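The lines below spell out each chain.
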Amino acid sequence: MEWITAENVIAVGTALVGVLVTLAVVWIDRFSPQRKRLGYRVQLNTPLHREENRDSEVMTVREGQVVGIAAPANGSTLVLLRIENDRELDISSEDYGSSIEPHGLRITFGERTVQGVVATVPAGWESVRDDLERAPGLGRDGNAVLVPKAALERGQYFKLLVQLSGGVADRDVKIDGSLQGGTIRRNRSTTPDEKPVRFSPTSRNVVIVLTACVVALAAIIVREQTPPPIGCARGTLTVTGSTAFAPALRAAARQYEKDCEGSTVTVDVHGSTAGIRELAQAGPGKEAVIAFSDGRKPGGFPELRENRVAVSLFTLVMNDGVPVDDLTLDQVRRVYRGEIRNWGDLVPGLDRPVLLVSRDANSGTRQVFQRRVLDRNEPANSSQDCRTSDDPESKVVRCELDSTEQVLATVARLPGAVGYAELRATEGREGLHRVAVDGRRPLVEELGGSGYPYREIEYAYTWGLPPADSLTSSFLTYLRAGRGQDVISAHGHLPCATPKGLVVCGEG
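Residues numbered from 1 in each chain as written. Predicted model: local features only at pLDDT ≥ 70, side-chain atom pairs only at ≥ 80, totals over all residues. Heavy atoms only, no water.

**With respect to the packing of aromatic side chains**
Next up, step 1: Going through the model one piece at a time under the given rule, you end up with 11 aromatic pairs.
Next up, step 2: Measuring from ring centre to ring centre gives 5.6 Å for Tyr256 and Phe475, while their planes differ by 90°; the resulting arrangement is edge-to-face. With Tyr256 in helix H4 (residues 246–259) and Phe475 in helix H9 (residues 471–481), the pair connects residues that are 219 residues apart, well separated along the chain.
Next up, step 3: Tyr256 sits in the buried class, given a relative accessible area of 0%.
Next up, step 4: Following the ring pairs from residue to residue traces out a cluster consisting of Phe314, Tyr336, Phe369, Tyr420 and Tyr454. (Phe/Tyr/Trp six-rings, centres within 6.5 Å; stacked < 30°, edge-to-face > 60°. Helix = DSSP H or I, 4+ residues; strand = E, 2+ residues; numbered from the N terminus. Buried < 20%, exposed > 50% of the residue type's maximum accessible area, 1.4 Å probe, protein only.)

Shown next as structure tokens:
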């Protein structure tokens, strides 16, 4: 079955782990027997010094005092221990083991001698004080303090103030004894500077496990939402042809190489016509080449197979010195026939000669302009510097440049200049502005209904039908039906495979 995949198995397994952990925690917290625990910690460990000019008195502690503290001598140390019931279950005197009878606990301090010890109990806990004072009582034996079997309810504690013959490290303070149904362990001191614990250890562990499960599921979901393209292929591929479509092709090539390891897609464009000729010269079986063309290929290449990929928009651009942002189709044609030689014919009071800045004969952008807008070829080239005419018989100053970038830079630089370019290439340009045609502006969202003429289908040509498992076929599928569509849309083109694209590309 299709749903039995590695990703789905991991997802289901992760979800089950989260559910089982939750059920286990509920069982442990609600139904399983809890263990008793006696905790202890060192709260004070400080040396004592006797002043020679003062009489030292025996330290006494009235509440719960069992054994006095001797007069301090130089080198003595005072240690304060807190012993408490830090779990939910009460501890009775019968819970203490019999290994150190008749006492319940034996606290040792390394090699130091215990010189004195007193016990203090908070007011109101008389039963705890009674247990500490009841025979055999609190005592000392060499380096040890012997503690009676004191019953402690939940949260109850007592403290032992111990005088030692010398300094002792906290780690050397140890308790010997046993607790039936429980443990005796050192716990952690909470100081006033610390924040109270918000989660119990069990709650914290549950949160960690469930968070890991959620992260794992999210990673699987994200992977499912952005899968690698189907049918990745290895090898090398050269993409040539349209300069207008080149930015989108370069971005798509980089993304394909990232998605499909082992593939190299090189974009080397020189114009639509030049790309078609390069593909025809490559022939079958020599190298993988795709040629993109703004519009259908010229005749004479029956072996080349076409694929409609996207719709590209183009626009007229004008130098900002000419306050015209809308021309009728008839006015555009009259300008390029040389019937309008000065923009003053359209803008009264303006004296600015018309300068036509065009692309070379290999340009698909120029071919689309001639086919879709002028309905004829442009006039002959008459200028080398795009400013003055080299042909005295020419009706208009017109120059040809090799790239869209050169056209845009020249139009922005020369007052009175007009040219054309792929729409996206004109964004953010200073010194020039776009020109509408018959009040219609180049907008992708209005394609199919506005009647804007300066647009064309981008065709991808291959030598015959490429093998289904080839890099050529894979990259075309990536552009037409894969993630490449998102790249094409981001660069201002309309993919033919989208609902609107199917309509516009079908119109031809």
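**Remarks on the side chain of Arg398**
Next up, step 1: Among the secondary structure elements, Arg398 is positioned in strand E16 (residues 397–401).
Next up, step 2: Polar side-chain contacts of Arg398 include one of 3.0 Å to the backbone oxygen of Pro379.
Next up, step 3: A polar contact of 3.0 Å, which involves the side chain of Arg398, links it to the side chain of Glu400.
Next up, step 4: Those residues in contact with Arg398 that sit more than four places away from it in its chain are Leu356, Ser358, Arg359, Arg366, Glu378, Pro379, Ala380, Asn381, Ser382 and Ser383. (Polar contact = N/O pair within 3.5 Å; in protein donor to acceptor, adjacent residues only side chain to side chain. Contact = heavy atoms within 4.5 Å.)

**Side note on the confidence of the model for the protein**
Next up, step 1: The predicted model of the protein averages 85 in pLDDT, with 82% of residues at 70 or higher.
Next up, step 2: In the predicted structure, residues 191–197 sits below a pLDDT of 50 and forms two contacts with residues beyond four places in sequence or in another chain.
Next up, step 3: Within the model, pLDDT remains below 50 along residues 224–228, and this stretch shows four contacts once partners closer than five positions in the same chain are excluded. (pLDDT = per-residue confidence, 0-100.)

**What about the sheet that holds strand E9 (residues 182–186)?**
Next up, step 1: A sheet is described by the order of its strands in space; here five strands give the open sequence E4-E7-E2-E1-E9, paired in mixed fashion. With one partner strand each, in any of the chains shown, strand E4 (114–120) and E9 form the two edges of the open sheet. Direction aside, neighbouring strands of the sheet carry axes that sit 20° apart on average.
Next up, step 2: For strand E2 (residues 77–85) and strand E7 (residues 157–164), the ladder comprises eight bridges, and the chain directions are antiparallel. (Pairing = 2+ DSSP bridges. Axes fitted to C-alpha atoms, helices over the stretch in contact; angles between N-to-C directions.)

**Regarding the sheet that holds strand E3 (residues 105–109)**
Next up, step 1: Taken together, four strands build an open sheet; the order of strands is E5-E6-E3-E8 and the sheet is antiparallel. Strands with a single pairing partner mark the edges of an open sheet, and in this sheet they are strand E5 (139–141) and strand E8 (173–176). With strand direction ignored, the average angle separating the axes of adjacent strands in the sheet is 25°.
Next up, step 2: With four bridges connecting them, E3 and E8 associate as antiparallel partners. In the sheet register, Arg106 faces E8, and the bridge partner there is Asp176.

**Quick word on the state of the cysteines**
Next up, step 1: Tallied over the full model, the rule gives three disulfides.
Next up, step 2: Two residues, Cys496 and Cys505, share a disulfide whose sulfurs are 1.9 Å apart. Between Cys496 and Cys505, the S-S dihedral sits near -75°, and the bridge is therefore left-handed.
Next up, step 3: Relative accessible area serves as the criterion here: at 7%, Cys496 is assigned to the buried category.
Next up, step 4: Numbered by order of appearance in the sequence, the disulfide-linked cysteines of the protein pair as 1-2, 3-4, 5-6. (Disulfide = S-S within 2.5 Å.)

**Regarding helix H2 (residues 126–133)**
Next up, step 1: Along H2, the residues classified as buried are Val128, Arg129, Asp131 and Leu132. Taken end-on, H2 shows its buried residues confined to a sector of 160°, consistent with a single buried face.
Next up, step 2: Where H2 is buried, its residues contact E4, strand E6 (144–147) and E7. (Arc of directions from axis to C-beta.)

**Examining the nonpolar core**
Next up, step 1: With 46 residues, the main nonpolar core has Leu316, Met318, Val332, Tyr336, Trp343, Phe369 and Tyr454 as its most contacted residues.
Next up, step 2: Ranked by residue count, the leading element in this core is strand E13 (residues 304–319), at six residues.
Next up, step 3: Those residues in contact with Met318, other than ones at most four positions away along the chain, are Val324, Leu327, Trp343, Val411, Ala417, Val418, Gly431, Leu432, His433 and Val435.
Next up, step 4: In this structure, Leu38, Val79, Val117 and Val121 belong to the second largest nonpolar core, which totals 30 residues. (Core = buried A, V, L, I, M, F, W, Y, C linked by side-chain atoms within 4.5 Å.)

**Here's the deal with a nonpolar patch on the surface**
Next up, step 1: Nonpolar side chains collect at one region of the surface, where Val12, Leu16 and Leu20 lie side by side and expose about 300 Å² of accessible area between them.
Next up, step 2: Looking at where Leu20 falls in the secondary structure, it is placed in helix H1 (residues 6–30).
Next up, step 3: The exposure class of Leu20 is exposed, given its relative accessible area of 56%. (Patch = residues over 30% accessible without salt bridge, like charges linked within 9 Å, V, L, I, M, F, W, Y side chains within 5 Å. Areas by Shrake-Rupley, 256 points an atom, 1.4 Å probe, with all protein chains shown as cover. Salt bridge = Lys/Arg side-chain N within 4 Å of Asp/Glu carboxyl O.)

**Considering the pairing of strand E11 (residues 263–267)**
Within a regular beta strand, the side chains point alternately toward one face of the sheet and then the other, so they alternate between its two faces.
Next up, step 1: Burial along E11 is one-sided: Ser263, Val265 and Val267 are buried, and none of Thr264 and Thr266, which face the opposite way, are.
Next up, step 2: Here strand E10 (residues 235–241) pairs with E11 via five bridges, running parallel. The residue of E11 that forms the bridge with Gly235 is Ser263.
Next up, step 3: The parallel pair E10 and E11, bridged by H4, forms a crossover whose chirality is right-handed. (Right-handed = clockwise from strand over helix to strand, strands pointing away.)

**Comments concerning the pairing of E2**
Next up, step 1: Counting buried residues in E2 gives nine out of nine residues, a clear majority hidden from the surface.
Next up, step 2: As paired strands, strand E1 (residues 36–47) and E2 are joined by nine bridges and run antiparallel to one another. Among the inter-strand pairings, Asn45 is bridged to a residue of E2, identified as Val79.

**Quick look at the pattern of salt bridges**
Next up, step 1: What the rule picks out here adds up to 22 salt bridges.
Next up, step 2: For Arg82, the salt bridge goes to Glu84, with nearest N and O atoms at 2.9 Å. For the pair Arg82 and Glu84, a shared accessibility class is recorded, and that class is buried.
Next up, step 3: Of the charged contacts in the structure, one is a salt bridge between Arg483 and Asp259, with a shortest N-O distance of 3.3 Å. Placement of the pair is Arg483 in the loop between H9 and helix H10 (484–490) and Asp259 in helix H4, with a sequence separation of 224 residues.
Next up, step 4: Several salt bridges converge on common partners, so that one network encompasses Arg366, Glu378, Arg398 and Glu400.

**Focus: the packing of helix H6 (residues 329–337) against helix H7 (residues 364–374)**
Next up, step 1: Between H6 and H7, the shortest axis-to-axis distance is 11 Å and the interhelical angle comes to 130°. Judged by the inter-axis angle, H6 sits oblique to H7. On H7, the residues that touch Leu329, Val332, Arg333 and Tyr336 of H6 are Phe369, Val373 and Leu374. (Parallel < 35°, antiparallel > 145°, perpendicular 65-115°, else oblique.)

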